Every structure is written in structure tokens, then in C-alpha cells.
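Descriptive structure summary
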Amino acid sequence: MTRGLFIVIEGLDRTGKSTQCAQLLNHFSVSGTNAALIKFPDRTTSIGQMINSYLQSKTDINDNAIHLLFSANRWEMSQNITDTLNQGTTIIADRYAYSGVAYSVAKGLDYTYCKYPDRGLPMPDKVFFLDLPPQLAQQREDYGDERYESLDMQTRVREAFMKLLIDNQYIHKIDVTGQSIDSVHDTLKQQLEPLLTQQQQPIKHT
Ligand code: T5A
Ligand code: NA
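Everything quoted here is computed from the prediction, not taken from an experiment. Numbering of residues begins from 1 in every chain and follows the order in which that chain's sequence is written. Key to labels: chains lettered from A, ligands numbered from 1, both in the order written. Thresholds applied to this predicted model are a pLDDT of at least 70 for local features of residues and 80 or more for the giving and counting of side-chain atom pairs; totals over whole chains, interfaces and linings are not thresholded and use all residues. Processing note: side-chain calculations cover all non-hydrogen atoms of the structure and skip hydrogens and water entirely.

**So, the overall build of the chain**
A helix here means a DSSP run of H or I that spans at least four residues, while a strand means a run of E at least two residues long, and both kinds are numbered starting from the N terminus. Each helix and strand in the chain was counted, giving eight helices and five strands. In sequence order, the chain lays out its α and β elements as β-α-β-α-α-β-α-α-β-α-α-β-α. Whereas a compact globule of 206 residues would reach a radius of gyration of roughly 17 Å, the chain reaches 16 Å, a difference of no more than 12%. With the C-alpha coordinates aligned to their principal axes, the bounding extent of the chain is approximately 45 × 35 × 30 Å. Type-normalised accessible area, obtained with a 1.4 Å probe on protein chains alone, sets the label of each residue: buried when under 20%, exposed when over 50%, and partly exposed for intermediate values. Classification of the 206 residues of the chain by burial places 49% in the buried group. Residues are treated as being in contact if the distance between any of their heavy atoms lies within 4.5 Å. In the chain, the proportion of contacts linking residues at least 24 apart, taken out of those at least 6 apart, comes to 80%. Accessibility throughout is a Shrake-Rupley quantity obtained with a 1.4 Å probe, and a residue counts as covered only by protein chains that appear here. In the structure as shown, the chain presents an accessible area of about 10,000 Å², 49% of it carried by carbon and sulfur atoms. Under this rule, positive means Lys or Arg and negative means Asp or Glu; His and the chain ends count for nothing. By convention, the point assigned to a charge is CZ for Arg, NZ for Lys, CD for Glu and CG for Asp. Considering the chain, the positive charge centre built from 20 side chains and the negative charge centre built from 24 side chains are found 3 Å apart. C-alpha atoms define the radius of gyration, and 2.2 Å times the number of residues to the power 0.38 defines the globule rule.

**Brief notes about the nonpolar core**
In globular proteins that are soluble, nonpolar side chains generally tend to be buried together. Nonpolar cores were defined as sets of buried Ala, Val, Leu, Ile, Met, Phe, Trp, Tyr and Cys residues, with membership established by side-chain atoms within 4.5 Å. With 40 residues, the main nonpolar core has F6, I81, Y96, Y98, V157 and F161 as its most contacted residues. Taken together, the elements giving at least two residues each to this core come down to strand 1 (6-11), helix 2 (46-55), helix 3 (63-86), strand 3 (90-94), helix 4 (97-106), helix 5 (111-115), strand 4 (126-131) and helix 7 (151-167). Ranked by residues supplied to this core, first place goes to helix 7 with seven residues. Sequence-distant contacts of F161, defined by excluding residues within four places in its chain, comprise E10, G11, L12, Y98, S99, A102, Y103 and F129. Among the nonpolar cores identified, the runner-up in size contains 17 residues, and F28, I92, V176 and L192 belong to it.

**Details of the packing of aromatic side chains**
For any pair of aromatic rings, the description consists of the separation of the ring centres together with the inter-plane angle of the planes. Each aromatic pair joins two rings of Phe, Tyr and Trp (for Trp, the six-membered one) with centres within 6.5 Å, and gets the label stacked for planes under 30 degrees apart, edge-to-face for over 60, and tilted for any other angle. A full pass over the atoms with the stated rule returns six aromatic pairs. Pairing F6 with Y96 gives two aromatic rings, centres 5.1 Å apart and planes at 80°, and the pair type is edge-to-face. With F6 in strand 1 and Y96 in the loop between strand 3 and helix 4, the pair connects residues that are 90 residues apart, well separated along the chain. Residue Y96 is classed as buried on the basis of its relative accessible area, which comes to 1%.

**A word on unusual backbone geometry**
Omega for the peptide link from F40 to P41 comes to 0°, which places this bond in the cis form. Mapped onto the secondary structure, P41 falls in the loop between strand 2 (35-39) and helix 2. The phi torsion at R14 lies on the positive side, around 70°, for a residue other than glycine. Within the secondary structure, R14 is located in the loop between strand 1 and helix 1 (17-30). Phi at D142 is positive, roughly 65°, even though this residue is not glycine. Residue placement: D142 occurs in the loop between helix 6 (134-137) and helix 7.

**Considerations on the environment of I203**
Residue position: I203 is located in the segment after helix 8 (181-197). Note: C-alpha distance between I203 and G4 (199 residues apart in sequence) is 9.6 Å.

**Section: the pattern of salt bridges**
The working definition used for a salt bridge is a side-chain nitrogen of Lys or Arg within 4 Å of a carboxyl oxygen of Asp or Glu. Counting across every chain of the model gives 13 salt bridges. Residue R95 pairs with D13 through a salt bridge whose shortest N-O separation is 3.4 Å. Here D13 lies in the loop between strand 1 and helix 1 and R95 lies in the loop between strand 3 and helix 4, a separation of 82 residues in the sequence. Classification of R95 by relative accessible area gives buried; the value is 10%. Given a relative accessible area of 11%, D13 falls into the buried group. The partner of R156 in a salt bridge is D152, with the nearest N and O atoms 2.7 Å apart. You can see R156 and its partner D152 sitting in helix 7, four residues apart, about one turn around the helix. What makes D152 exposed here is its relative accessible area of 51%.

What follows is the structure, given as C-alpha cells:
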């Protein structure tokens, strides 16, 4: 049996990640591909609950400590990711380690340090970065409810993502400015097409 694909969708807050993840899941289910959705942070675990409370500004946590908690929240899911892929199920992840680096770097933490805790996690087969100017994301519904949702912070997060894109040429940037939900979905499907027909190598690690 061939393993599932590991697809990651990244972007600033409110850029349409969850919307596109849901669309992809639906596309796979209609086309008869076993697929599952995961989301980081996974707020359901005990670590995830600490992160949730931090994001809602109900608690304060030291910048290094919260960085490690976000990473730990991925590690606690890592075996599950590997097993699911090996069982032939495709995984669509709403954020992953790239967000972990970008948001902490935007707060002033060292770039190389930030990458370290995630080293060894299952490596995605495809990473998309949905690119939308922070000023446009800000105009979307429910913006500003959580800790990092300010123009100043999001502008720095975007700069950090641009560095990640240069250092990791496999991350595919998609300009979603003025693009409808359907049109972004079509672009994602097009980009994934070649991967669906090729034989997958064993899972690599970051
Ligand atoms: N974080 C996360 C870290 O600091 N470190 C980490 O390691 C990780 C994993 C929570 C925060 O945690 C930080 C990053 C975040 O600040 P989250 O729970 O993913 O992360 O929260 P958000 O990214 O803010 O999720 P959102 O739900 O706000 O944004 P999405 O998923 O990008 O956007 P979505 O799909 O919900 O869409 C937002 C709105 O836009 C509309 C939608 O209908 C919705 O109203 N929309 C469009 N409108 C016009 N055109 C389109 N093409 C549209 N697509 C969607
Ligand atoms: Na989301």
C-alpha cells in the first residue's frame, strides 16, 4: 500500500488556511482518497489548552517557554502523523513548524534557535504559504480576537515567513490577494496533481 501525502497550509492569521484545508478535505473525500485534517495548535490536548489560554491572553507565558510548548504540541502528534500516513491516509495540516518559527522570530527570538525544537518531525511532502497583505487580512471577519492579531505583529510574521521561503525553496507561495475561495482551491489542486500520481518515498524528517 502506498502511503498518504503530508500537505501543510501556512499563512498569516485570517488568510484562509482553514477554509482551504476544508475544501481540500472535501475534494479528497469526493475523489475517493482517504484524507484527514489536523490543526496546529491542537488546542484539545493539555499542552494545547495552555497554548489556547495564552493566545486568548488569559495567561502570560515566557516567550521561550511558549515557543517550546507550540513545538511540544506538534511532537505529541508526531507518531500519529507517521502512523496515519503509513496507513495510506493523506494528511492536511492547518499550520505546522513554519508557523512555530515565524511567530517566535517576529517576537524577537533567534531564527536558528527557533528551528531547533522541531528538528526530526515528519517532513511534509508539500507546503503552501497563502500570501495576503496583513492590511487585507485585517479587514476579514473576527480579526483581532487573539494575541498575535495586530498589524504590527503580522507584518513582522510575514517578514519571518519570507526568510523561511528563501531558506526552504520547497515552500510554495500562493498570492491569494483578490482570489476567490474557489480560485485558490483550484490553484492548490493543480499544484498537488503531480504528487498524486507519483509513488511516495518513505517519510522524511525535518
Ligand atoms: N502560532 C501557531 C504560533 O505562534 N506558533 C505555532 O507553532 C503555531 C502552530 C493560532 C495562533 O497561533 C500562532 C499563530 C496564530 O496567531 P490559528 O488557530 O490557526 O493559530 O488561528 P488563525 O490562523 O488566526 O486562524 P484563522 O481561523 O483566524 O485564519 P485562517 O484559517 O487563515 O482563515 P479562515 O479560513 O478561517 O478565513 C478567515 C476569514 O476569511 C474568509 C473566511 O470566510 C473567514 O471569514 N475567507 C475569504 N474571504 C475572501 N476571499 C477568500 N479567498 C477567503 N478565504 C477565506
Ligand atoms: Na484557522
